[in-house]
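# Geometric and topological summary
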Amino acid sequence: MKRLLVASAAAALMASAAHADMKVGVLMGFTGPIESLTPNIAAAAELAMKEASDSGLFLGGKKVVPVRGDSTCVDAAAAQAAAERLITSDGVAAIMGADCSGVSIAVANNVAVPNGVVMVSPTATSPAITTLKDKGYFFRTAPSDARQGEVLAQVAKARGIKEIAVTYTNNDYGKGLSNSFSNAFKAAGGKVALSAAHEDGKADYAAEVGALAASGAEHLAVFGYVDKGGKGIIQASLDAGAFDRFILADGMVGDSLIEAIGKALNGSVATAPGSDSPNAKKFQDAAMKAGVKGESPFAAEGYDAAALIVLAAQAAGSTDRAAIRSKVLEVANAPGEKIGPGELAKGLKLLADGKAVDYQGATDVALDDAGDASGSYKEYEVKDGKFATVKIH
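As the structure is a computational prediction, the values presented were derived from the model and not from experiment.

The rules behind each value
- Residues numbered from 1 in each chain as written.
- Predicted model: local features only at pLDDT ≥ 70, side-chain atom pairs only at ≥ 80, totals over all residues.
- Heavy atoms only, no water.
- Helix = DSSP H or I, 4+ residues; strand = E, 2+ residues; numbered from the N terminus.
- Rg over C-alpha atoms; globule rule 2.2 N^0.38 Å.
- Buried < 20%, exposed > 50% of the residue type's maximum accessible area, 1.4 Å probe, protein only.
- Contact = heavy atoms within 4.5 Å.
- Lys, Arg positive; Asp, Glu negative; His and termini not counted.
- Charge placed at Lys NZ, Arg CZ, Asp CG, Glu CD.
- Polar contact = N/O pair within 3.5 Å; in protein donor to acceptor, adjacent residues only side chain to side chain.
- Disulfide = S-S within 2.5 Å.
- Axes fitted to C-alpha atoms, helices over the stretch in contact; angles between N-to-C directions.
- Parallel < 35°, antiparallel > 145°, perpendicular 65-115°, else oblique.
- Left-handed = near helix turned anticlockwise from the far one by under 90°.
- Nonpolar A, V, L, I, M, F, W, Y, C, P; charged D, E, K, R; others polar.
- Domains from an automatic or database assignment.
- Buried area = accessible area lost by both parts, 1.4 Å probe.
- Salt bridge = Lys/Arg side-chain N within 4 Å of Asp/Glu carboxyl O.
- Pairing = 2+ DSSP bridges.
- Arc of directions from axis to C-beta.

### Some remarks on the overall build of the protein
Scanning the protein for helices and strands turns up 14 helices and 14 strands. The C-alpha radius of gyration computed for the protein amounts to 22 Å, which stays within 12% of the reference 21 Å derived for 393 residues, consistent with globular compactness. Projected onto its principal axes, the C-alpha coordinates of the protein cover approximately 85 × 40 × 35 Å. Looking at the protein as a whole, 54% of its 393 residues are labelled buried. A sequence separation of at least 24 residues applies to 70% of the contacts in the protein between residues at least 6 apart. On the protein, the mean spot of the 38 positive side-chain charges and the mean spot of the 44 negative ones are 4 Å from each other.

In structure tokens form, the structure reads like this:
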């Protein structure tokens, strides 16, 4: 009798596991230098998870349950601790994130890859990630800064800028983007008068701005974070009258910057991943109806990162971590029926029927063998206190 009860209990546990919902980590910097951007990126990712759950088609009716963790964006130890909790205590099948490049690399190397857990980042853009020894467990829906640096150089040259000073946040993101931009700008005939790192979290950036101004350049490229050092550099530049027009990258694109600086930012230009494709517009409409700001930086990439995890699990017929890894590139690329934003139910049904899908999503997703997205960029100009799109690259 006792043996029968033990066997019955084991069978019940196996049945429960078989019908368990899939937990997905949402590892983003809810505190830190991009904390004003993070809530909307996370909400967009969770919108995709809700869409899959509400369809009733995910793995025979399972739900996709988001579990949040704070990467802080800049504290590698804290990000790793959050990832360890997601993987061991919460038992997530995959992670949507992390966000900033440095913590993404640290989590991948020290936590996710050793535990065989897929990461799909919507925002990690450092060129160093392309050659990460990730055993095929790391993917990203935002394009590499190897491309953004080239686009920014084109933008600067097109606006007649021949000489420029560069300041960058002192981490993997800042260094990679600074190198990419500087090399491309010089190759196009421009001159980088000075390239210098800055640290986040300082109260005063007068010394950094003084050195940049002493270079003789009239324009300043700021590759930092919207809520920390990058903002501080711009404010100090304006206070000192050192610079009044800025070239900005994706980490600086956010409403909080304009709210902090005001009209003095008018005339500055920036780039961030984005497009005006039919899929992008369709996502923005759907996001708006759900109360998510679809045009916010990296929101579309967040939605797509989560959608890829969901579709990969469906293609694998399992929430097994290794099985999910094996299907990400398959669902992200041709051949297969194209799946746009808001069409996850269609994709889930096709996969359940044994058919192939080519997930296009909100950003016209296509991933190479390294797990990198190609992507396009929006060129913005600050006009009347708003980031206005002027061109797609």
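### Remarks on the side chain of Ser121
Relative to the helices and strands, Ser121 resides in strand β4 (residues 118-121). In terms of polar contacts, Ser121 uses its side chain to reach the backbone carbonyl oxygen of Ala98, at 2.6 Å. The residues contacting Ser121, other than those within four sequence positions of it, are Gly97, Ala98, Asp99, Ser104, Phe138, Phe139, Arg140, Thr141 and Ala142.

### Details of the state of the cysteines
As enumerated under the stated definition, the model contains one disulfide in all. Each disulfide pairs two cysteine sulfurs, and for Cys73 the partner residue is Cys100, the sulfurs being separated by 1.9 Å. Handedness of the Cys73-Cys100 disulfide follows from its S-S torsion of about -90 degrees: it is left-handed. Of this pair, Cys73 sits in the loop between β2 (64-70) and α3 (76-89) while Cys100 sits in the loop between β3 (94-97) and α4 (101-112), placing them 27 residues apart in sequence. This pair shows no difference in class: Cys73 is buried, exactly as Cys100 is.

### Remarks on the packing of α3 against α4
α4 packs onto α3 with a crossing angle of 45 degrees between their chain directions and a minimal axis gap of 9 Å. The pairing of α3 with α4 is recorded here as oblique in orientation. Viewed along their axes, α3 and α4 form a crossing whose handedness is right-handed. Contacts between α3 and α4 involve Ala76, Ala79, Gln80, Ala83, Glu84 and Ile87 from the first element and Val103, Ala106, Val107, Asn110, Val111 and Ala112 from the second. Looking at the contact of α3 with α4 residue by residue, the class counts come to nine nonpolar, two polar and one charged.

### Thoughts on the domain arrangement of the protein
By the assigned domains, the protein splits into domain 1 (21-142 + 277-359) and domain 2 (146-266). Summed over both partners, the interface of domain 1 with domain 2 comes to about 1,100 Å²; 64% of that surface belongs to carbon and sulfur atoms. Remark: the boundary between domain 1 and domain 2 carries zero salt bridges. On the surface where domain 1 and domain 2 come into contact, there are four residue pairs in polar contact (both at pLDDT 80 or more).

### Notes on the sheet that holds strand β9 (residues 246-248)
The strands that make up a sheet pair up through hydrogen bonds in the backbone, lying either parallel or antiparallel. Read across the sheet, seven strands follow the order β7-β6-β8-β9-β10-β13-β14 without closing on themselves; strand pairing throughout is mixed. Of all strands in the sheet, those with a lone pairing partner are β7 (191-198) and β14 (386-392), marking the two edges. Sheet twist, expressed as the mean angle between neighbouring strand axes with direction ignored, is 25 degrees.

### Thoughts on helix α7 (residues 206-214)
Among all positions in α7, only Glu208, Val209 and Leu212 are buried. Along α7, the residues classed as buried sweep out an arc of 95 degrees about the axis, all on the same side. In α7, the exposed positions angled more than 90 degrees off the buried face are occupied by Ala207 and Ala214. Packed against the buried residues of α7 are β6 (163-169), β7, β8 (220-223) and α8 (229-240). Just beyond α7, the residue with positive phi is Gly216, at close to 90 degrees.

### Here we look at the pattern of salt bridges
Under the criterion given, the structure shown has 14 salt bridges. Between Glu150 and Arg147 there is a salt bridge; the shortest N-O distance is 3.9 Å. Taken as a pair, Glu150 and Arg147 lie in helix α5 (residues 145-158) at a separation of three residues, close to a single helical turn. On the accessibility criterion, Arg147 (31% relative accessible area) is partly exposed. The salt bridge partner of Lys191 is Glu163, with a shortest N-O separation of 3.8 Å. Of this pair, Lys191 sits in strand β7 while Glu163 sits in strand β6, and the two are 28 residues apart along the sequence.

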